[in-house]
Amino acid sequence: MKRSITRQIAAAAVFISCVALFQNCGPAKVSTSDVGVVGSSADLGSSTPDAPSSTPIPASTPPVSSTPVAMAAAFSASKTTLDFGNVAFGDTSAQQVVVVTNTGNANLTLTRTLVGGDFSLSNTGLTNACTNNISLAPGQSCSLGARFSPFATTGAVTGMIRFNSNAPNSPHLIQLMGNSTFF
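Below: a short report on this structure. (Residues numbered from 1 in each chain as written. Predicted model: local features only at pLDDT ≥ 70, side-chain atom pairs only at ≥ 80, totals over all residues. Heavy atoms only, no water.)

1. Description of the overall build of the chain
Part 1 of the argument: If you tally the helices and strands in the chain, you get 1 helix and 9 strands.
Part 2 of the argument: Scanning the chain from its N terminus toward the C terminus, one meets helices and strands in the order α-β-β-β-β-β-β-β-β-β.
Part 3 of the argument: Each of the 183 residues in the chain was classed as buried or not, and the buried ones make up 26%.
Part 4 of the argument: Look at the contacts in the chain between residues 6 or more apart in sequence, and 71% of them connect residues 24 or more apart.
Part 5 of the argument: Only carbon and sulfur atoms are counted for the fraction: they give 57% of the accessible area of the chain, which is about 11,000 Å². (Helix = DSSP H or I, 4+ residues; strand = E, 2+ residues; numbered from the N terminus. Buried < 20%, exposed > 50% of the residue type's maximum accessible area, 1.4 Å probe, protein only. Contact = heavy atoms within 4.5 Å. Areas by Shrake-Rupley, 256 points an atom, 1.4 Å probe, with all protein chains shown as cover.)

As structure tokens, this is what we get:
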């Protein structure tokens, strides 16, 4: 009896291996020499040793990937343009905010630079502000405010916030636009 159970276990192991590797195999022939059991194929529980198994074979098993997931930070901004509209020369606009999020699976390190003399960065009233040289964990966000204060130029004015990071496609640019009106 002990030999019969051992042979049945060996036959089941071969069948499962066959299903896992080839999805749809014919009947497996088991060699009992590897398990140290002596007996006839009738001991396997089938009157015909080459009869197909009545156990259903799964339709499709998705392959398991052994490829490791690459770790990378990813930069995402809620806006790519801040348009301040018309602002009177000498006045200051309301603060506009852009939210930066790390959508990757590794830490995102950021530095920021402002280009444009009539624009300023402001973190007034913001929680988790995007300070310079900040690091964001995966899924984490920070906010950065900007204002338009036309003191040097009249007419259409442009600038940008430049984020340098360890994410692909760095630098990341946020365009700034405003129109300075003379009173």
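Having seen the structure, we can now continue with the description.
2. As for the state of the cysteines
Part 1 of the argument: Following the criterion strictly, the structure yields 1 disulfide and no others.
Part 2 of the argument: One disulfide in the model links Cys-130 with Cys-142; its S-S distance is 1.9 Å. In this structure, the disulfide formed by Cys-130 and Cys-142 twists by about 90 degrees around the S-S bond and is classed as right-handed. One end of the pair, Cys-130, is in the loop between β5 (119-122) and β6 (134-136); the other, Cys-142, is in strand β7 (residues 141-148), with 12 residues separating them in the sequence. Note on accessibility: Cys-130 and Cys-142 belong to one class, buried. (Disulfide = S-S within 2.5 Å.)

3. Thoughts on the pairing of strand β9 (residues 172-181)
Part 1 of the argument: Only one face of β9 is buried: it carries His-172, Ile-174, Leu-176, Gly-178 and Ser-180, and the other face, with Leu-173, Gln-175, Met-177, Asn-179 and Thr-181, is open.
Part 2 of the argument: As defined by bridge partners, strand β2 (residues 81-88) adjoins β9 across 6 bridges and the pair is classed as parallel. Residue pairing across strands places Leu-82 opposite Leu-176, the latter belonging to β9.
Part 3 of the argument: In the sheet, strand β8 (residues 155-165) pairs with β9 via 9 bridges, with the strands oriented antiparallel. Note on β9: the bridge partner recorded for Thr-158 is Met-177.
Part 4 of the argument: Joining the antiparallel neighbours β8 and β9 is a turn of 6 residues, in which Asn-169 adopts a positive phi near 65 degrees. (Pairing = 2+ DSSP bridges.)

4. Side note on the sheet that holds strand β1 (residues 75-77)
Strands pair in a sheet through their backbones, by hydrogen bonds, and they do so in one of two ways: parallel or antiparallel.
Part 1 of the argument: The sheet built from 4 strands is open, its strands ordered β1-β3-β7-β5 with antiparallel pairing. Both outer strands of the open sheet, β1 and β5, are each paired with one neighbouring strand and no more. Taken pair by pair, the neighbouring strands of this sheet meet at an average axis angle of 30 degrees, ignoring direction.
Part 2 of the argument: Sheet analysis places β5 next to β7, joined by 4 bridges and oriented antiparallel. Within the sheet, the bridge partner assigned to Ser-122 lies in β7 and is Gly-145. (Axes fitted to C-alpha atoms, helices over the stretch in contact; angles between N-to-C directions.)

5. With respect to the sheet that holds β2
Part 1 of the argument: The 5 strands lie next to each other as β2-β9-β8-β4-β6, forming an open sheet whose pairing is mixed. The two strands at the open ends of the sheet, each matched to only one other strand, are β2 and β6. Sheet twist, expressed as the average angle between the axes of neighbouring strands with direction ignored, equals 25 degrees.

6. As for the nonpolar core
One recurring pattern in soluble globular proteins: nonpolar side chains tend to sit buried together.
Part 1 of the argument: Among the nonpolar cores identified, the biggest contains 23 residues, and Val-100, Leu-110 and Phe-163 are the most heavily contacted of them.
Part 2 of the argument: If one sorts the elements of this core by residue count, β7 sits on top with 4 residues. (Core = buried A, V, L, I, M, F, W, Y, C linked by side-chain atoms within 4.5 Å.)

7. Observations regarding the side chain of His-172
Part 1 of the argument: The topology assignment puts His-172 in strand β9.
Part 2 of the argument: Here the side chain of His-172 touches Ser-165 through a polar contact of 2.8 Å, side chain to side chain.
Part 3 of the argument: Excluding residues that lie within four positions of it along the chain, His-172 makes contacts with Phe-75, Ile-161, Arg-162, Phe-163, Ser-165 and Ala-167. (Polar contact = N/O pair within 3.5 Å; in protein donor to acceptor, adjacent residues only side chain to side chain.)

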